[in-house]
Amino acid sequence: SAPLRAHAEARGKFVGAALATSPLANETAYRSIAASEFNQVTAENAMKWDATEPSRNQFNFTGADQIMAFAEQNDQQVHGHTLVWHSQTPSWVQNLGATEMREAMQNHISRVAGRYAGNPVLTSWDVVNEVFDDNGNLRTSFWYQKLGESYIADAFRYARAADPDATLCINDYNVEGVNAKSTAMYNLVKSLRAQNVPVDCVGLQSHLAIQYGFPNIRENMQRFADLGVEVRVTEIDVRMQTPRDAAKDATQATYYSDVVKACVAVSRCSGVTVWGFTDKYSWVPDTFPGQGAALIYDENYGKKPAYTAVHDAL
Ligand code: XIL
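This section reports on the structure supplied with the text.

Here is what the cut-offs are and how they apply
Residues numbered from 1 in each chain as written. Predicted model: local features only at pLDDT ≥ 70, side-chain atom pairs only at ≥ 80, totals over all residues. Heavy atoms only, no water. Phe/Tyr/Trp six-rings, centres within 6.5 Å; stacked < 30°, edge-to-face > 60°. Helix = DSSP H or I, 4+ residues; strand = E, 2+ residues; numbered from the N terminus. Buried < 20%, exposed > 50% of the residue type's maximum accessible area, 1.4 Å probe, protein only. Lys NZ or Arg CZ within 6 Å of the ring centre and 35° of its normal. Pairing = 2+ DSSP bridges. Salt bridge = Lys/Arg side-chain N within 4 Å of Asp/Glu carboxyl O. Axes fitted to C-alpha atoms, helices over the stretch in contact; angles between N-to-C directions. Left-handed = near helix turned anticlockwise from the far one by under 90°. Contact = heavy atoms within 4.5 Å. Nonpolar A, V, L, I, M, F, W, Y, C, P; charged D, E, K, R; others polar. Disulfide = S-S within 2.5 Å.

**Topic: the packing of aromatic side chains**
Okay, step 1: Counted under the stated rule, the structure contains 15 aromatic pairs.
Okay, step 2: Residues Trp-49 and Trp-92 carry aromatic rings whose centres are separated by 6.1 Å and whose planes lie at 65 degrees to one another, so their mutual orientation is edge-to-face. Of this pair, Trp-49 sits in helix 4 (residues 49-52) while Trp-92 sits in helix 6 (residues 91-94); the two residues are 43 residues apart in sequence, bridging distant segments of the chain.
Okay, step 3: Judged by its relative accessible area of 16%, Trp-92 is buried.
Okay, step 4: Considering the side-chain rings of Phe-59 and Phe-61, the 6.0 Å spacing of their centres and the 10 degrees angle between planes classify their relative orientation as stacked. Phe-61 matches Phe-59 in its accessibility class, with the two residues each being buried.
Okay, step 5: Among the aromatic side chains, those forming a connected cluster through ring pairs are Tyr-30, Phe-38, Phe-277, Tyr-281, Tyr-297, Tyr-301 and Tyr-307.
Okay, step 6: Above the ring of Tyr-186, the side-chain terminus of Arg-223 is found at 5.1 Å from the ring centroid.
Okay, step 7: Over the ring of Phe-288 we find Arg-239; its NZ or CZ atom is 3.6 Å from the centre of that ring.

**Digging into the pairing of strand 5 (residues 167-172)**
Okay, step 1: A large share of strand 5 lies buried, amounting to six of its six residues.
Okay, step 2: Neither face of strand 5 is open: one carries Thr-167, Cys-169 and Asn-171, the other Leu-168, Ile-170 and Asp-172, and all of them are buried.
Okay, step 3: With five bridges connecting them, strand 4 (residues 122-129) and strand 5 associate as parallel partners. Directly across from Trp-125, in strand 5, lies its bridge partner Leu-168.

**With respect to the pattern of salt bridges**
Okay, step 1: The full count for this structure, using the stated rule, is eleven salt bridges.
Okay, step 2: Arg-160 is the partner of Asp-200 in a salt bridge, and the nearest nitrogen-oxygen pair spans 3.0 Å. Here Arg-160 lies in helix 9 (residues 150-162) and Asp-200 lies in the loop between helix 10 (180-194) and strand 6 (201-204), a separation of 40 residues in the sequence.
Okay, step 3: Under the relative-accessibility criterion, Arg-160 is labelled partly exposed at 27%.
Okay, step 4: We note a salt bridge from Asp-249 to Arg-244, for which the minimum N-O separation is 2.5 Å.
Okay, step 5: Connected via shared salt-bridge partners are Asp-134, Asp-172 and Lys-181.

**As for the packing of helix 7 (residues 98-116) against helix 9**
Okay, step 1: Where helix 7 meets helix 9, the axes come as close as 9 Å, and the angle between the chain directions of the two elements is 35 degrees. Seen along the crossing, helix 7 lies across helix 9 with a hand that is right-handed. For the pair helix 7 and helix 9, contact is made by Arg-102, Met-105, Gln-106, Ile-109, Ser-110, Ala-113 and Gly-114 and by Ser-150, Tyr-151, Asp-154, Ala-155, Tyr-158, Ala-159 and Ala-162, respectively.
Okay, step 2: Residue composition of the contact of helix 7 with helix 9, by class: eight nonpolar, four polar and two charged.

**Some words on the state of the cysteines**
Okay, step 1: A complete count under the given rule lists two disulfides for this structure.
Okay, step 2: Across a sulfur-sulfur distance of 2.1 Å, Cys-263 and Cys-269 are joined as a disulfide pair. Between Cys-263 and Cys-269, the disulfide has an S-S torsion of -95 degrees and is therefore left-handed. For the pair Cys-263 and Cys-269, one class covers both residues: buried.

This is the structure we're talking about:
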């Protein structure tokens, strides 16, 4: 039957995957599924600060350009991930004083987003990532501690200046359903837009787990859409306690299906990106001990019920 991307294209949506540079360079099966099934890709790590500017003002675009070249070859859009984050950011940045930190942020955004400005393949950026803590307060990251809340608005303004055509997103986790954190996100986006800060889009990471229940994502997407912003599912995976079994796979499949159906139902939802695609390469087992099997292909590139669920929901 037709690949996921054919169904997504027919609906005017994207279906994407986060890609890791090493299997992309080394594994034919990985490359072939990544090319044939998805019309959108995100660099799992290659566009992060530690990869692109490991030392001050010394840029390295090897991995980022590898992802871009793959997307160009395969007629895929790239979502840039991510310009400003508290994680995977070198200590040289964290150790700067306020004035130099703001300058470093502007320089980084200008060089990284600027590199792909005007390239039709690069359509969007996560400008800031995970600015909230789990209670819905602004995270007291080094950015916040040195620069205060204004770093968020500044990052968006620098990104717009660097790439005027890209869709600029704020991205976070545990903001899929209507809850305190997503309401804080909603209020921040509303307030930034009221101040003409160029926030175009909200990314719902969607790192879900079958043991925690399914969030009311459609209702939450719709309230963001009603603010006039694009919404997108940026990093979905649905983990479980390993080992897999048929019942867990079936539950997982309903989660994938319900997320894709929510995006299909909300016209301002542009698409869904899976955080990886094969259980062979997933951040989940390393991050959540005892959990895994979160993706839509198994470790041998076999399609799981979750694949069929995404396919049938598109
Ligand atoms: C993860 C990657 O998947 C891992 O390979 C890396 O070691 C750590 O980061 N939220 C994000 C992503 O925005 O960038 C994270 O990706 C997963 C959580």
